[in-house]
Structure formats: structure tokens, C-alpha cells
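Examining the three-dimensional arrangement
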Amino acid sequence: VVEATLPLSGSSREREELFSDQRERTQKQMNTITAYSPINGLSQKVSKIFFGTATGPLLEGKNADELLDGAAERGINAFDCARSYGYAEEVLGDWMKRRGNRERVIVLSKCGDIRDGIVKVNRKVSGEQLAVSLKALQTAYIDIYLLHRDDPDTPVSELINTLNEAKRAGKIRVFGVSNWTVDTT
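Just so it is clear, the model here is predicted, and its values are computed rather than measured.

**Observations regarding the packing of helix 3 (residues 65–73) against helix 4 (residues 88–99)**
- Interhelical geometry of helix 3 versus helix 4 gives an angle of 65° and a closest axis separation of 10 Å. When the axis of helix 3 is compared with that of helix 4, the two are roughly perpendicular. In the packing of helix 3 onto helix 4, the handedness of the crossing is right-handed. Taking contact as the criterion, the partners of Asp-65, Leu-68, Asp-69 and Ala-72 in helix 3 are, on helix 4, Val-91, Leu-92, Trp-95, Arg-98 and Arg-99.
- Looking at side-chain class alone, the contact of helix 3 with helix 4 contains five nonpolar, no polar and four charged residues.

**Some remarks on helix 6 (residues 156–168)**
- Between its first and last C-alpha, helix 6 extends 18 Å over 13 residues, near the 18 Å set by a 1.5 Å rise per residue.
- Taken residue by residue, helix 6 has Leu-159, Thr-162, Leu-163 and Ala-166 as its buried positions. Taken end-on, helix 6 shows its buried residues confined to a sector of 95°, consistent with a single buried face.
- Residues of helix 6 that are buried sit in contact with helix 5 (123–137), strand 8 (142–147) and strand 9 (172–177).
- At the exit of helix 6 stands Gly-170, carrying a positive phi of roughly 80°.

**As for the sheet that holds strand 8**
- Reading across from one edge, 3-4-5-8-9 is the order of the five strands in this open sheet, with parallel pairing throughout. Unpaired on one side and paired on the other, strand 3 (50–52) and strand 9 mark the two borders of the sheet. Neighbour to neighbour, the strand axes of the sheet diverge by 25° on average, direction disregarded.
- Two elements, strand 3 and strand 4 (residues 78–80), share three bridges in a ladder whose sense is parallel.

**Quick look at the layout of surface pockets**
- In this model, the largest pocket occupies a volume close to 160 Å³.
- In this structure, the largest pocket is lined by Arg-123, Ser-126, Gly-127, Leu-130, Ala-131, Tyr-145, Thr-162, Leu-163, Glu-165, Ala-166, Ala-169 and Lys-171.
- Put simply, the parts of the chain that give the lining of the largest pocket at least two residues each are helix 5 and helix 6.
- Counted by class, the lining of the largest pocket contains six nonpolar, three polar and three charged residues.

What counts, and at which threshold
- Residues numbered from 1 in each chain as written.
- Predicted model: local features only at pLDDT ≥ 70, side-chain atom pairs only at ≥ 80, totals over all residues.
- Heavy atoms only, no water.
- Axes fitted to C-alpha atoms, helices over the stretch in contact; angles between N-to-C directions.
- Helix = DSSP H or I, 4+ residues; strand = E, 2+ residues; numbered from the N terminus.
- Parallel < 35°, antiparallel > 145°, perpendicular 65-115°, else oblique.
- Left-handed = near helix turned anticlockwise from the far one by under 90°.
- Contact = heavy atoms within 4.5 Å.
- Nonpolar A, V, L, I, M, F, W, Y, C, P; charged D, E, K, R; others polar.
- Expected span 1.5 Å × (residues − 1).
- Buried < 20%, exposed > 50% of the residue type's maximum accessible area, 1.4 Å probe, protein only.
- Arc of directions from axis to C-beta.
- Pairing = 2+ DSSP bridges.
- 1 Å grid on protein atoms, 1.4 Å probe; cavity = no way out; pocket = protein on both sides within 12 Å on 5 of 7 lines; lining within 4 Å.
- Points joined across faces, edges and corners; volume = space filled by probe spheres on them.

Below, the structure is given as C-alpha cells:
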């Protein structure tokens, strides 16, 4: 909530100057995301708004500096990408390298091979996709790594063991899941 208090007295020029200053402060407040939360396992707080990279220029492998800079200028420090998002990881990695901002950016990426409606998430797929993601992002680690879908043919223990190994190796900081089915039996 932004409050504006303008005096009722004074010249119209003085009121306009005060109004202009107030308008500028209000615009800055509205253009900045200030809500952040800690996530156990990460050294910095994470903006509550993530910039999703499954969008035009990133999917297509085109320069998206203006979009990414705009998000960062507004206080967004968390970027959501995935192996299945075209060239998004490559574009984000190039941007981080050009800006030299990797240590200020929270990278969330996801793995999982989804073809013709069939999901494959297992030790082999997650390991291979993690290696490709690290190279594409031009980084030694991913802050938040998610299994994009569940695979009923793969025991969860296999996946957890694989992710714990990647975490111990310093390739990921924290991990979780996204878009998993709920077993209601």
C-alpha cells in the first residue's frame, strides 16, 4: 500500500513538485518486488515471484536481456527453467555470464523426459539432464532442482538417492518435485 499526502496550502508549483516527488517514489515502490523468503539450504533469500523462462525469446534461444534485466531490476532474483523449455537454460546462462550476476541469481531447473505423454524420470535421465543443464546454464550448481513429473516405473527411493548424491557433489543445493500425481489410495 502506497500513501500519498499532499498539502492543501502552498502554490500550485509547490504542490506539483511535491506531487511529482510522491509519484516518483510511488512508481519506484510499485516497480520493485520486496517480498523474499528463506529456503533452507540456500544462502540467500528467494523472491516470492519467480520469472518463468518458458516464454517466446527464451524458448527460441533469442537474446532476452531486456526481459531478464527488467525482472532483476524489479527485485526478482529467482528464475524458473527446465530442460523441456527449449533454449531457456542457454539464454539464462548467457545472461548470467554477461551480467556477472550468478551469485545473486536463484536458478530453479527441472528434469524429466516427457515424450508422447510418457514420462521418464530415473537415475539415468536425471543425471544426464543435470549435466546438460549445468553446461547450458554455465554454472557449477543449480540452486533448486526439481523432478518435473513423476514416473510410476521408477521407485522414489532411486530418485531421492540420485538427488542426494548430486547434492553431496555440490551440483544442486536443494531439490524437490513438480507436477507429481497424488495417490489417493
